Amino acid sequence: ENIKLGVPQEYFCEGMSDEVIKSVSDMCNLFSNNGVNIDSVSLPHTDMAVPCYSVLNPCEVASNMARYDGVEFGLAGSDTSYNEAMAASSRSQGFNDVVRGRILAGNYFLLRRHYDEYYLQALKIRRLIQNDFLEAFKSVDYLLTPVTLTDAPSFADFTAQDNRTQTAKQDHCTQPVNLAGLPAVTVPICLSGNNHTAGSEEGAKRRSLPLSVQLIGPYGSDKKLLRIARWIEERVDFPTLVLCD
């Protein structure tokens, strides 16, 4: 009671399923019926979070992975000549394509001739995203958002597009808060009724996948967020697994 929840409208984007939208609406009703004020808020730079991350993350990966030279850190490659060839051998054998790709992209963004165009602009966008949250918390105490656009896709659905496209789409609701450095918690609240392969025996078995909501709070509100998350868990009666000996 006596708290105010904000629901960012920019989080309800193209491609979000009706049952995800309904799960958030049901959670708003639960809060409202228990004396919590619900209000709509705006985070106008939400759509820029994934492109911003796509620049900042490779830069951090390139910087952090520079220590993996096969001597102090990382896999000792087949080349033992203790020069650049040894580091190249260690990284080519120790990192997969995704990591190597991010190292290459990060070093490209951090080149002197590209620094202002990419890295510096991404830092400015991150500041805009942070300011969106700070402005929202002037009128509400916490934010309530979806977590993903749909329930978990089948392997066939996920691999129909490349990994970069899929993760960029599914990270729409979770990426902004990470860039802003704010505390957040996701809580499963219900099971979906999505049938992945309608009409088939396999499809009948692949129903009822978790749908969650995300709670975001201002700096230092970690403990309060966990209390609200526990309050939700006590009321939604989400199915749990009981492990037996």
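All values reported here derive from a predicted model rather than from experimental measurement.

Trainee: Would you explain helix H2 (residues 49–65) in this entry?
Mentor: Since the α-helix advances by 3.6 residues per turn, residues separated by three or four positions end up pointing in the same direction. Look at H2: 23 Å from first C-alpha to last across 17 residues, which is about the 24 Å you get at 1.5 Å a residue. The inward-facing, buried residues of H2 contact helix H4 (97–110), helix H5 (112–136), helix H7 (163–170) and helix H8 (175–180).

Trainee: Sorry if this is basic, but what is going on with the pattern of salt bridges here?
Mentor: Pairing is possible between side chains that carry opposite charge, provided their charged atoms lie close to one another. Following the criterion strictly, the structure yields 6 salt bridges and no others. Ionic pairing is found between Asp97 and Arg100, a salt bridge with its closest N-O pair at 2.4 Å. Here Asp97 pairs with Arg100, and both are found in helix H4, just 3 residues apart, close to one helical turn. By relative accessible area, which is 61% here, Asp97 ends up exposed. A single salt-bridge network, built from bridges that share partners, covers Arg230, Glu234 and Arg235.

Trainee: When you look at the layout of surface pockets in this model, what are you seeing that I'm missing?
Mentor: Vacant regions in the atomic arrangement are exposed by a probe of water-molecule size rolled over the atoms. In this model, the largest pocket occupies a volume close to 360 Å³. For the largest pocket, the lining is made up of 16 residues, of which Tyr53, Ser54, Arg102, Arg164 and Thr167 are closest to its centre. Counting only elements with at least two residues in the lining of the largest pocket, the list comes to H2, H4 and H7. Its residues assigned to classes, the lining of the largest pocket comprises 7 nonpolar, 5 polar and 4 charged.

Trainee: Which parts of the structure should I look at to understand the pairing of strand E2 (residues 37–41)?
Mentor: Sheet faces and side chains relate simply in a regular strand, where the side chains alternate between the two faces. Two strands pair when backbone bridges link them, and strand E1 (residues 4–8) and E2 are joined in this way by 5 bridges, in the parallel orientation. Note that in E2 the partner of Lys4 across the bridge is Asn37. For the crossover from E1 across helix H1 (residues 18–33) to E2, the handedness is right-handed.

Criteria and thresholds
- Residues numbered from 1 in each chain as written.
- Predicted model: local features only at pLDDT ≥ 70, side-chain atom pairs only at ≥ 80, totals over all residues.
- Heavy atoms only, no water.
- Helix = DSSP H or I, 4+ residues; strand = E, 2+ residues; numbered from the N terminus.
- Expected span 1.5 Å × (residues − 1).
- Contact = heavy atoms within 4.5 Å.
- Salt bridge = Lys/Arg side-chain N within 4 Å of Asp/Glu carboxyl O.
- Buried < 20%, exposed > 50% of the residue type's maximum accessible area, 1.4 Å probe, protein only.
- 1 Å grid on protein atoms, 1.4 Å probe; cavity = no way out; pocket = protein on both sides within 12 Å on 5 of 7 lines; lining within 4 Å.
- Points joined across faces, edges and corners; volume = space filled by probe spheres on them.
- Nonpolar A, V, L, I, M, F, W, Y, C, P; charged D, E, K, R; others polar.
- Pairing = 2+ DSSP bridges.
- Right-handed = clockwise from strand over helix to strand, strands pointing away.

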